[in-house]
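Commentary on secondary and tertiary structure
Here are the chains, one letter per residue:
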Amino acid sequence: MPAHPTDPTLRHTLDATLPAWQRTGHRLAVLVSGTRDWAIAHAQSLIDDDSLWVGPDGPTGVPSLGFRRAGEALGGENGRVVVNALSGFDPDALGAAAGRVRGGGCLILLTPPLADWPWQTDPDMARLVPYPYQAGDAGPIYRERLVRCLGEATHLWHIAQDQPIAAPPQPDSTWTASTGTPTPCRTDDQARTIDRILAAARGRPRRPLVLRSHRGRGKTSALGLAAARVLEEGLGDVLVTAPRREAVTPLFDRLRETTGSTTDKDGTVRVGDHQLRFLPPDVLIEQRPQKNHEARLLLIDEAAALPSAVLEALFAAYPRCVFATTEHGYEGSGRGFTLRFLPRLEAMAVSVHHHWLTTPIRWAPGDPLERLVDRLLLLDADPAGSLASRALQTAHPPQRLDPRDLAADERRLGEWFGLLVSAHYRTTPQDLRQLLDGPASQLWTTQTEAGVIVAAATQDEGNLPADLAEAVFHGERRLRGHLLPQTLAAHAGLPDWPGRRGRRIQRIAVHPTARRQRAGKKMVRAIAATARSEGQDFLGVSFGMEDELIAFWAACGMQVLHLGQHRDHASGSEAVVMAMGLTAEGTAAVEHAAGSFVRQLAARAAGPLRHVDPERLAALLAASQPHPLPSLTTVERHQLMACARHRHHLDAALEPLRRWLTPALTQAAAIEAVPLGRRALLIGRMLQLQDETRLAQWFELTGRRAVETTCRLALAEMLAALDTPGEAANPVFTNGQQGSRT
């Protein structure tokens, strides 16, 4: 890099300014904007021996992290942190880097000249835009908003190329650190949190603790310090889970520092006779503790990034839980935790205890850098407050948004994005950039004068050329975007889908006040009508399998087309694909795919879907369109009746039962006549071929004989519901000759 002259007084000015910020415990934001060489040279003149460089072009001798590794910055702290956004901007990396700066330090953000920045191609967008778009096709709107927010910021020292350098801002007030904080806690707040966690570990079961905080409050470290106390006191083993193993690195760091212990090869930390180890949520649910090997305490970090169904299953299996979550954080927020899971937890538990961590551990309350980063990245976005019923009655029809108009209206943008955050299990600042600048994206809203009540985002997919569609089907190509058509081609065996034009609903969220009032369905209808008028063949969605979501999308007119066979470690659920046809060809393709799903389910249930909760499979079949029942021979009919009404061995009729059961479970009469639990038991026994002893445990039956008896009862109920008087008109069976199918 060529040498570039710098102002020799800059470093002296910063060194002279920071002591005042150190006395307040607050942090200074520094913006260096200019050409690449000029900005890097000036940034290098500002750093010292206690600095971290995030992004490209890190100078020799200075610790540095690429954007993709910026999350590793959480474990430590520095006085000065540089974020190099000159050749690409990563919002998630900025959020992580800002959390690394201690009170009295500064964050130094490098950007191109602000007037040019929104219009420069950002290579980082290449991974966010769908094929065939390139990074240069992304819009400028997200960075236009950043420039506007930076221009309006107070307590920002802006060093701009070819501009006079103003004096750095001074902090507003003085803050005095608290005294008497117990070591090794950083704040009194953190010490109180540890006491609450210990109370949950020592106390009676089914009394969970819900721990909430903003980022930077030492939540994960407090979990580690409390775990150390639990192990040292000999209370028992501790289990830890989170969406990602990396999220709990500070927990393990604090545990080892406090106890002096080391980590085994398998990641286990042993203290005395007890141990702490990390397991993914799906593994914890699958293993279900035995009575004599039950852990004393389960710590669930970043709980809001896990679906409610996963959290419920964890609490059902582990009697002492701490649910810890970040409510405003770059790591990904989901306030659906508060709106959806907590009411269910209150119903399951004897009592629920709540605690909030409010005091930052690295900087003082009221920190201007935290306020600035929160605004830049919309980390504090919230849905509109409670809306009166009169306001809902005067809601405007659903409408498509101009992204630039949305970004220019800070209140509406915050409410719109806040709704999406509240409804999705994981949302990061990068998601907002993709939504605002994605060249194939469309944004939607329903709003009243009082605020946004529905937010949605869609993206165009498919319409791929024949050669690429074939390569996707063959498993030879995987393109950016195009989630639905690629999934259906590569994993459901439907080769024509990549060539079809479609639109996918990426996200949709309804304000809590407006739920159960058809606001979401009206939005889906509006999106479908627009897509149909623009010549799209289908409208679809992909989501982590949950009963409420399956029911919602089915009520919107979508059919189940595919169920993924791999459980996501973060969500703990398999992905469901549903869609509706918008043209004659699209409708035919959806009908064919829906039929293929039902036809193949029996075979897949005994193989790659054997681990899936049978109640979820029953819910999927109930949401499917009724599928024609197969023809059965007289002998096969006799076998099914003997299984249902007598003691004919179920396995002796396995082939006709499996062939008949799947489409039968799509019939409305059977769904109404047979309770969900008994339908699920039939799926577990006859389709998934699960061991009867295991089924007895799952369904809380007394043993193998009870499983068999209940299966016969369910089968009898289904046959009665689907049968009609007179064999000639019987829709369940045909009256063909013995040994032949008609």
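About the cut-offs
Residues numbered from 1 in each chain as written. Predicted model: local features only at pLDDT ≥ 70, side-chain atom pairs only at ≥ 80, totals over all residues. Heavy atoms only, no water. Helix = DSSP H or I, 4+ residues; strand = E, 2+ residues; numbered from the N terminus. Rg over C-alpha atoms; globule rule 2.2 N^0.38 Å. Buried < 20%, exposed > 50% of the residue type's maximum accessible area, 1.4 Å probe, protein only. Pairing = 2+ DSSP bridges. Contact = heavy atoms within 4.5 Å. Axes fitted to C-alpha atoms, helices over the stretch in contact; angles between N-to-C directions. Salt bridge = Lys/Arg side-chain N within 4 Å of Asp/Glu carboxyl O. Disulfide = S-S within 2.5 Å. Core = buried A, V, L, I, M, F, W, Y, C linked by side-chain atoms within 4.5 Å. Polar contact = N/O pair within 3.5 Å; in protein donor to acceptor, adjacent residues only side chain to side chain. Expected span 1.5 Å × (residues − 1). Phe/Tyr/Trp six-rings, centres within 6.5 Å; stacked < 30°, edge-to-face > 60°. Lys NZ or Arg CZ within 6 Å of the ring centre and 35° of its normal. pLDDT = per-residue confidence, 0-100. Parallel < 35°, antiparallel > 145°, perpendicular 65-115°, else oblique. Nonpolar A, V, L, I, M, F, W, Y, C, P; charged D, E, K, R; others polar.

This part is about the overall build of the protein chain. Summing up its helical and strand segments, the protein chain has 27 helices and 20 strands in all. Relative to its length of 742 residues, the protein chain is compact, with a C-alpha radius of gyration of 29 Å against a globular reference of 27 Å. Across its three principal axes, the protein chain shows a C-alpha extent of roughly 100 × 65 × 55 Å. Within the span of the protein chain, comprising 742 residues, buried residues form 57% of the whole.

A few words now on the sheet that holds strand S6 (residues 156-160). Ordered in space as S3-S2-S4-S5-S1-S6, the six strands form an open sheet in which the pairing is parallel. Strand pairing shows two members of the sheet lacking a second neighbour, strand S3 (64-65) and S6, which therefore form its edges. Relative to strand S5 (residues 101-111), strand S1 (residues 28-33) is paired through six bridges, and the arrangement is parallel. By the bridge assignment, Leu 28 is partnered in S5 with Cys 106. In this fold helix H3 (residues 91-98) packs onto strand S2 (51-54), strand S4 (78-84) and S5, with an angle of close to 155° to the strand it touches most, S5.

The next subject is the sheet that holds strand S9 (residues 269-271). Spatial ordering of the open sheet is given by S9-S10-S8-S11-S12-S7-S13, a layout of seven strands whose pairing is mixed. Only two strands of the sheet have a single neighbouring strand rather than two, namely S9 and strand S13 (353-357). Across the sheet, the axes of successive neighbouring strands diverge by a mean angle of 15°, strand direction being ignored. Bridge analysis of S9 against strand S10 (residues 274-278) gives three bridges, and the strand direction is antiparallel. Looking at S10, one finds that Arg 270 is bridged to Gln 275.

Next up on the list: the pattern of salt bridges. Tallied over the entire structure, the rule returns 51 salt bridges. Here Arg 400 and Glu 534 are joined by a salt bridge, their closest N and O atoms 3.1 Å apart. In this pair, Arg 400 is assigned in strand S14 (residues 399-401) and Glu 534 in the loop between helix H18 (519-533) and strand S18 (538-544), connecting sequence segments 134 residues apart. Taken together, the shared-partner salt bridges connect Asp 50, Glu 77, Arg 102, Arg 186 and Arg 362 into one network.

Another aspect to go through is the state of the cysteines. A full pass over the atoms with the stated rule returns zero disulfides. Considering cysteine sulfurs only, Cys 643 is the nearest to Cys 711, which forms no disulfide, with 10 Å between them.

Moving on to unusual backbone geometry. Of note, the amide linkage connecting Tyr 131 to Pro 132 takes the cis form, showing an omega dihedral of 5°. Of note, Pro 132 is situated in the loop between S5 and helix H4 (141-152). One non-glycine residue with positive phi stands out, namely Arg 516, at about 65°. Secondary-structure assignment places Arg 516 in the loop between strand S17 (501-510) and H18. Phi at Leu 689 takes a positive value of approximately 55°, unusual for a residue other than glycine.

What follows concerns the nonpolar core. The biggest cluster of nonpolar side chains holds 74 residues, and the ones touching the most others in it are Leu 539, Trp 553, Trp 660 and Met 718. Counting residues per element, this core draws most heavily on helix H27 (residues 704-722), which supplies seven residues.

When you tally the buried positions in helix H21 (residues 614-623), you get eight out of ten residues, the bulk of the element. By the burial criterion, the buried members of H21 are Pro 614, Arg 616, Leu 617, Ala 618, Ala 619, Leu 620, Leu 621 and Ala 623. Capping the start of H21 is the job of one residue whose side-chain oxygen sits 2.9 Å from the backbone nitrogen of Glu 615: Asp 613.

The next point concerns the pairing of strand S19 (residues 559-563). With five of five residues buried, S19 lies mostly within the body of the structure. Relative to strand S20 (residues 575-581), S19 runs antiparallel, the two being bridged by four bridges. Bridge pairing in S20 places Gln 559 opposite Ala 579.

For H27, which comprises 19 residues, the first-to-last C-alpha distance of 27 Å matches the rise-based estimate of 27 Å (1.5 Å per residue) to within 8%. Residues Ala 706, Val 707, Thr 710, Cys 711, Arg 712, Ala 714, Leu 715, Glu 717, Met 718, Leu 719 and Leu 722 constitute the buried set of H27. On its buried face, H27 sits against helix H22 (634-645), helix H23 (654-664), helix H24 (668-673), helix H25 (676-687) and helix H26 (692-698).

It is worth spelling out the packing of aromatic side chains at this point. We describe a pair of aromatic rings using the distance from one ring centre to the other and the angle between the two ring planes. Evaluated as defined, the whole model comprises six aromatic pairs. Aromatic ring contacts, followed pair by pair, group Phe 89, Trp 117 and Tyr 142 into a single cluster. Looking at Arg 245, its charged tip hangs above the ring of Phe 278, at a distance of 5.7 Å from the centre.

Moving on: the environment of Glu 717. If you trace the backbone, Glu 717 turns up in helix H27. On a C-alpha basis, the gap between Glu 717 and Val 674 in space is 6.2 Å, while along the polypeptide they are 43 residues apart. In contact with Glu 717, other than residues within four places in its own chain, are Ala 673, Val 674, Pro 675 and Arg 678. Side chain to side chain, Glu 717 and Arg 678 meet in a polar contact 2.7 Å long.

What follows is about the environment of Arg 215. Structurally, the position occupied by Arg 215 is in the loop between strand S7 (209-213) and helix H6 (219-232). For the pair Arg 215 and Pro 360, spaced 145 residues apart in sequence, the C-alpha separation works out to 8.1 Å. Reaching out from Arg 215, the side chain makes a polar contact with the side chain of Asp 374 at a distance of 2.7 Å.

Scored by pLDDT, the protein chain comes out at a mean of 89, with 91% of its residues at no less than 70. Averaged pLDDT values over the elements of the protein chain bottom out at 67 in helix H12 (residues 389-393) and peak at 98 in S1. Below a pLDDT of 50 lies the segment residues 176-182, which in the model reaches eight contacts outside its immediate sequence neighbourhood of four places, other chains included. In the model, residues 724-742 has pLDDT below 50 throughout and makes 41 contacts with residues more than four positions away in sequence or in other chains.

Where H4 contacts helix H15 (residues 429-437), the two axes come as close as 7 Å, and the packing angle between them is 120°. By the criterion of interaxial angle, the relationship of H4 to H15 is oblique. Where H4 approaches H15, its residues Ile 141, Tyr 142 and Arg 143 are matched on the opposing element by Pro 429, Leu 432, Arg 433, Leu 436 and Asp 437. Residue composition of the contact of H4 with H15, grouped by class: five nonpolar, no polar and three charged.

Along the chain, the position of Ser 308 falls in helix H9 (residues 308-317). What Ser 308 contacts, discounting residues up to four positions off in sequence, is Arg 340, Phe 341, Arg 344 and Glu 546.

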